[in-house]
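Reading the structure
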Amino acid sequence: MKYETLPKKVLFLWECAAIICIAVITAITLIIFQPHTIVWYLLLWSIGAVAVFFLFLFLPLAFVSTKYVILTEQVILQKGVIFHKVHYLKRETISFISVYKNPFTNLLNLSTLIISAPGARIFIPLMNHKRALLIAKRLSYQNHFQEA
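Now for a description of the structure that goes with this document. (Residues numbered from 1 in each chain as written. Predicted model: local features only at pLDDT ≥ 70, side-chain atom pairs only at ≥ 80, totals over all residues. Heavy atoms only, no water.)

1. Here's the deal with the nonpolar core
Counting 21 residues, the largest nonpolar core has Val 75, Leu 113, Ile 115 and Ile 124 as the members making the most contacts within it. Elements with a contribution of two residues or more to this core: strand S2 (67-70), strand S3 (74-79), strand S6 (110-117), strand S7 (120-128) and helix H4 (129-140). Not counting residues within four places of it along the chain, the set of residues in contact with Ile 124 comprises Leu 6, Tyr 68, Leu 77, Ser 111, Thr 112, Leu 113 and Ile 115. Membership of the second largest hydrophobic core comes to six residues, among which are Ala 18, Ile 47, Ala 51 and Leu 55. (Core = buried A, V, L, I, M, F, W, Y, C linked by side-chain atoms within 4.5 Å. Buried < 20%, exposed > 50% of the residue type's maximum accessible area, 1.4 Å probe, protein only. Helix = DSSP H or I, 4+ residues; strand = E, 2+ residues; numbered from the N terminus. Contact = heavy atoms within 4.5 Å.)

2. Describing the pairing of S2
Alignment of strand S1 (residues 4-5) against S2, held across two bridges, turns out to be antiparallel. Bridge pairing in S2 links Thr 5 to Lys 67. Note that S2 and S3 share four bridges and pair antiparallel. Note that in S3 the partner of Lys 67 across the bridge is Gln 78. (Pairing = 2+ DSSP bridges.)

3. Things to note about the sheet that holds strand S4 (residues 85-90)
Ordered by their spatial adjacency, four strands build an open sheet running S1-S2-S3-S4, and the pairing between neighbours is antiparallel. For this open sheet the edge positions go to S1 and S4, each flanked by a neighbour on one side alone. Here S3 runs beside S4; their pairing, made up of six bridges, is antiparallel. Across the sheet, residue Val 75 finds its bridge partner in S4, namely Leu 89. H4 rests against S1, S2 and S3 of the sheet, and its axis sits at about 40° to S2. (Axes fitted to C-alpha atoms, helices over the stretch in contact; angles between N-to-C directions.)

4. Details of the environment of Leu 11
Relative to the assigned elements, Leu 11 resides in helix H1 (residues 8-32). Linking Leu 11 and His 87, residues 76 residues apart in sequence, is a C-alpha distance of 22 Å. Setting aside chain neighbours within four positions, we find Leu 11 in contact with Leu 59, Pro 60 and Phe 63.

5. Considering the sheet that holds S7
Read across the open sheet, the three strands follow the order S5-S6-S7; overall the sheet is antiparallel. Looking at strand neighbours, the two that pair on one side only are strand S5 (96-100) and S7, the edges of this open sheet. Ignoring strand direction, the axes of neighbouring strands in this sheet form an average angle of 15°. Sheet topology note: the S6/S7 ladder contains seven bridges and is antiparallel. Across the sheet, residue Ser 111 finds its bridge partner in S7, namely Met 127. Each of S5, S6 and S7 touches H4; the most contacted strand, S7, lies at about 145° to it.

6. Describing unusual backbone geometry
Even without a glycine there, the phi angle at His 36 is positive, about 60°. Residue class for His 36 comes out exposed when judged on its relative accessible area of 59%. Even without being a glycine, Asn 109 presents a positive backbone phi close to 60°. Position of Asn 109 among the secondary structure elements: in the loop between helix H3 (103-107) and S6.

So, to be careful, I would describe these as geometric facts and stop short of saying anything about function.
See the structure below:
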């Protein structure tokens, strides 16, 4: 049983989104608060500390900890940095499979695979589009297959 990880483009996309959010929050702080006051400095230092934490620790660990495997009888997704979660979904309970793309992920050839069953749903975020279509096709068939 070999777990697959997300493509490295995902980490790049997460880091870019985090940088944009941090830049917007910093700009709002610079506009709203009086410059060179204690509150102003505290907010900027706090934003910087949170940025360093997310960019260099949390997002890379989230990227490394997200793994999935498709077996003949079940789908397993592991993720989580602080609280590690393992999601199991039996193959016979799968009701439908969706592959989603948006304009941003279309440029990077990424898509999100959503595997749904009654009372459960597994999101495998931002995986290679061809791989997502292959997994969706294999899971939608009734015959079993060896590891995807």
